[in-house]
Structures are given as structure tokens and as C-alpha cells.
Amino acid sequence: MIPKPSNSRYEVAVVGLGYVGIPLAVGFAEAGCRTIGFDLDTERVRELQSGKSPLITVPPERIAAVTSRGLLTFTGDKNDLAQSEAIIICVPTPLRSHLDPDIAFILSAGREIGPILRKGMLVSLESSTYPGTTREDLRKVLEEKSGLKAGLDFALAFSPEREDPGNKKSILKEMPKVVGGLTPDCLERAVELYGKAVSKVVPVSSCDTAEAVKLTENIFRFINIALVNELKRIYTPMGIDIWEVIDAAKTKPFGFMPFYPGPGVGGHCIPLDPYYLTWKAREFNLDTRFIQLAGQINRGMPFYVASQLVSGLNELALPIQGIRILIVGVAYKPDIPDDRESPSYEIMNILHGKGAEIDYYDPFIPVIEPHAGPPWSGRHSIVWNPQTLARYTAAVVCTPHHGVDYAALAEQIPLIVDACNVVPKNGKARVIAA
Ligand SMILES: NC(=O)c1ccc[n+]([C@@H]2O[C@H](COP(=O)([O-])OP(=O)(O)OC[C@H]3O[C@@H](n4cnc5c(N)ncnc54)[C@H](O)[C@@H]3O)[C@@H](O)[C@H]2O)c1
């Protein structure tokens, strides 16, 4: 095993304090590891230092319980990373506009870490990415900036994150952790590190394999969601309710796993990660046909939902031009304040483009952040009451948040397109399943 650096103040440093990095840092600290969290975003660091949590899944009390014992600190100074035995990178991996991977955040984290890397340190990447990123891209930048050799002077590993946004029970300890190392020595160091905080570590033969594990998990989900989305579009004209079909099919105790249709796919992982493999496969002159097909179906869902609304208006002899429409839910998943890549915005764009007046209601997203772009950025959720609801001719339910009074919606708004199967069909509204 590569010997650890001596006199380290921290056992673990986490780079990137977002949806993945915060629970990870807190989880290591809860396991008794001296942990430091670093982010370039000084506002985020100040917020955490002052005891606030930006995540509903990690309440401030959990953070306070470990910061008060000196087990977790936060910093905006990258030089503090030099004091740690291991550095875990949890930075974003978006797509460029033509669906190509953008690993710029990983490379910039590598450029920050390289100059402070000491002999014996472990660097583990957790960001979802294509096979080869750790072994080729991250390794290159770390070696260039440190003058050290991966696998000899420092250990290098990849371990995919399995954060389940919104699931308050998905704590680090209970989630099996897949780990791949650049060399057997690197793997040994990474297994030892994660073994401190996780009850089950699953070693695999290489960083590339560990990267492929994450992509496979997300591609599996991406394709199965596309399948039920397609089945919904086939069964609906036949008068068959896809939700009833899935509920009955899932009583089969083997060989079937339920996935549910929706207005498209959102979030920072499922709509993006499959294209990381598509891009990498081209290097080997290979096509990812399942991924491409699933992508076409999933990306087409907002258009399908919008077309169902236009048909519903047509039945009421109403043009869409000038109609007031309420979008219910802009978060990409129920009960979370995360609207990244949300299909709601695509639906809003389509309907807005046809001349409708759009407002939204989302108890988890009171104001739309700049990343949604114009004209939605800065818009506020409506206040939910019968008078306000009565202003709309139509509503589209895009996110099945709990605690929303869908019966009240069906009493106040004449036409509802329900992409989530939550609106009662016995109210005054005409409800169209989409
Ligand atoms: N969100 C999820 O549920 C989830 C689940 C599994 C895997 N992932 C993967 O984990 C990775 C991180 O996702 P996330 O949702 O936590 O992202 P996020 O946007 O919530 O957080 C990333 C953080 O990294 C910081 N950052 C960016 N570049 C930095 C740098 N060079 N140095 C220090 N900090 C930097 C940002 O300021 C931000 O606070 C992505 O690859 C994602 O695909 C996410």
C-alpha cells in the first residue's frame, strides 16, 4: 500500500460542496473522520460555516453535531487541502450544448489539487463521467501540476456517488460503495478510506470499470423510463391506463421492476450521463443505439404533454393564444428543491412559444434561479388559493409533489393535463392523462 503522508490534520477533504459533496463530508465526519469541505463558491462556504444547510436532506442539526465536535470544517482556501490524507472530488459534470461531455470542472479541481498534492495522498473522483476520465484526464492534470506520479507517489481512484435526491434515509453508511483504483495499491488505499464510513465497499478491477458501473446504473434507468413513456403513448389511445398496468405488473414477484412515465427526465444525472458513454463510444467507432432511442423518446415527452394540452383546448373550442396556463411543479422530482434539467421548463417554453400566458406553482421552488434562463429566471411561484387558481383556464401537472391539493386544482381549473397520475378524475375539471 502507498504509505500515507504523516502529520495530516484531516483524514478526508471533500472538493465541491453540492448535492453529493455535503452528505459525503457529513457522512465521513459522522463516522469519526476528521473532515474538511472545500468549495470555490465562497457564498456556499459561508452558508455552511454559519451552520445553515442548503439541502433539505441534510438538516443543519446534522452538520452542527459534527462541526461542534471539531470533526467537520468548511473552507474556501484550497491550500487547506494540503493538510489532508485523502481528497474526494464531487464537482459537476454537465453536457455542452451539442450533448458532448464537459469535464472542465474535474480538470479545474485537478489544477487546484495538483500544486498541494503531497506524497502518499489519495485522490478519489466521484463525479459521474465516461470511462477513462480518472486514468487519463484527471491523472494527467494531477501529475503535471504536482510533479508526482500516480500509482507510485500518490494513489488515484474512482468511486461513483449513489446519492438519491430527496431520500432522507439514503445515508452514506448504508449505501454499498463501488471503488476502482489505478493500481492494486491505489485500490487498497481507497477501500480502506471508504471502509471508514461505509458498511459495504465493492472493489472493482479498475477506475474505468467503476466509471462504467455508474453510467450503467443511470443508463438502465434512462432506458426503462423511455420504455414506459413509449408504452404510455401506445396504451393511452387504446383506452388503457399505463399506471394501472404498472401497478398490476409489479405484483409479479420476479423479473419485473416498476418504472413510471412522466413529462420527460430531469436532474443532474439521468438525462446527462448516458451521453457521456455515447461520446466515448464514438472513439471506438461504436454507436449507442439504445441510448439514442431512449433519448429521442424522453426528450420528446414535453412535446407530447404540450400536444395533449392543445388537443384538450381544441375540444373546448379554445385557441392556445392568450390562454392562462398554470404549471404545477418545476422540480424534476417530487418533494425536492432541484429543478436542474427539469422537463417543466421545456413544456413552459413550448406553450409560451404558442402564445399562452404561463405561471407556475411549486412549494419547493419559490423563485426560479438564473440557470432556467429567460423568460423564467426570477419568476415567483403563485400563492395557492382558490381565487388565484380560478384565474387559469388550464393546468399541467409536471411534478407529483406530496401535500399539493390536487382535488382543489380539479375544482377550480377547467382543463388539466396530468403527467403524474395524481389529479382526481371525479372533480369538475376535464383531466387528460399525459
Ligand atoms: N445530484 C445527485 O443526486 C447526484 C447523484 C449521483 C452523482 N452525481 C454526480 O456528482 C457530481 C456532483 O453533482 P452535484 O449534484 O453534487 O453538483 P452540485 O452542482 O450540487 O455541486 C457541485 C459543487 O462543486 C463546486 N465546484 C465546482 N468546481 C469546483 C472546483 N474546481 N473546486 C471546488 N469546488 C467546485 C460548485 O461550486 C458546487 O458547489 C456530478 O458529476 C453528478 O453527476 C450527482
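All of these numbers come straight from a predicted model, not from anything done at the bench.

What follows covers helix α4 (residues 104-113). Along α4, the residues classified as buried are I106, A109, G110, E112 and I113. Down the axis of α4, the buried side of the element spans an arc of 160°, and every buried residue falls inside it. Check the buried side of α4 and you find it contacts β1 (10-15), β2 (35-38), β4 (84-89), β5 (122-125) and α5 (133-146).

In this section: the sheet that holds strand β13 (residues 430-433). Spatially, the five strands line up as an open sheet ordered β10-β9-β11-β12-β13, and their pairing is parallel. Each end of this open sheet is capped by a strand with a single partner; those strands are β10 (357-361) and β13. Taken over all neighbouring pairs, the strand axes of this sheet differ in orientation by 20° on average, direction set aside. Sheet strands touched by helix α10 (residues 289-315): β9 (324-328), β11 (394-397), β12 (415-418) and β13. Its angle to β12, the strand with the most contacts, is close to 155°. In the packing of helix α11 (residues 343-353) onto the sheet, the strands contacted are β9, β10 and β11, and the crossing angle to β9 comes to about 175°.

The full set close to the ligand counts 27 residues, and V20, D39, T93, S108 and E112 are the nearest of them. The backbone of L40 places a nitrogen or oxygen atom 3.5 Å from a nitrogen atom of the ligand. At a separation of 3.0 Å, an oxygen atom of the ligand approaches a polar backbone atom of S128. Calculation on the ligand without its partners gives an accessible area of 830 Å², and the protein chains cover 91% of this total. The leading source of residues in the shell around the ligand is α4, at four residues. Partitioning the shell around the ligand into residue classes produces 13 nonpolar, seven polar and seven charged.

Procedures and definitions
Residues take numbers from 1 onward in each chain, read along the sequence in its written order. Predicted model: local features are reported for residues with pLDDT of at least 70 only, side-chain atom pairs are reported and counted for 80 or more only, and whole-chain, interface and lining totals are derived from all residues. Neither water nor hydrogens contribute to the side-chain values; these are computed over all heavy atoms in the structure. Per-residue accessibility, obtained with a 1.4 Å probe over protein chains only, is compared with the maximum for each type, and a residue is labelled buried under 20%, exposed over 50%, and partly exposed between these values. The helix count covers DSSP runs of H or I at least four residues long, the strand count covers runs of E at least two residues long, and both are numbered beginning at the N terminus. When we speak of the arc, we mean the arc of directions from the helix axis to the C-beta atoms. Contacts are assigned to residue pairs that have any heavy atoms within 4.5 Å of one another. Strands qualify as paired when DSSP identifies two bridges or more between them. Axis definition: a line fitted to C-alpha atoms, over the contacting stretch in the case of helices. Angles run 0 to 180 degrees between N-to-C directions. Being near a molecule or strand, for a residue, comes down to having at least one heavy atom within 4 Å of it. Whenever a nitrogen or oxygen atom comes within 3.5 Å of another N or O atom, the pair is scored as a polar contact, on the condition that within protein one atom can donate a hydrogen and the other can accept it, and that pairs from neighbouring residues in sequence are kept only if both atoms are in side chains. The accessible surface values rely on the Shrake-Rupley method and a 1.4 Å probe; as for residues, cover is taken only from the protein chains in view. Three categories are distinguished: nonpolar for Ala, Val, Leu, Ile, Met, Phe, Trp, Tyr, Cys and Pro, charged for Asp, Glu, Lys and Arg, and polar for the others, with Gly belonging to the last.

What is shown is where atoms sit, not what they do.
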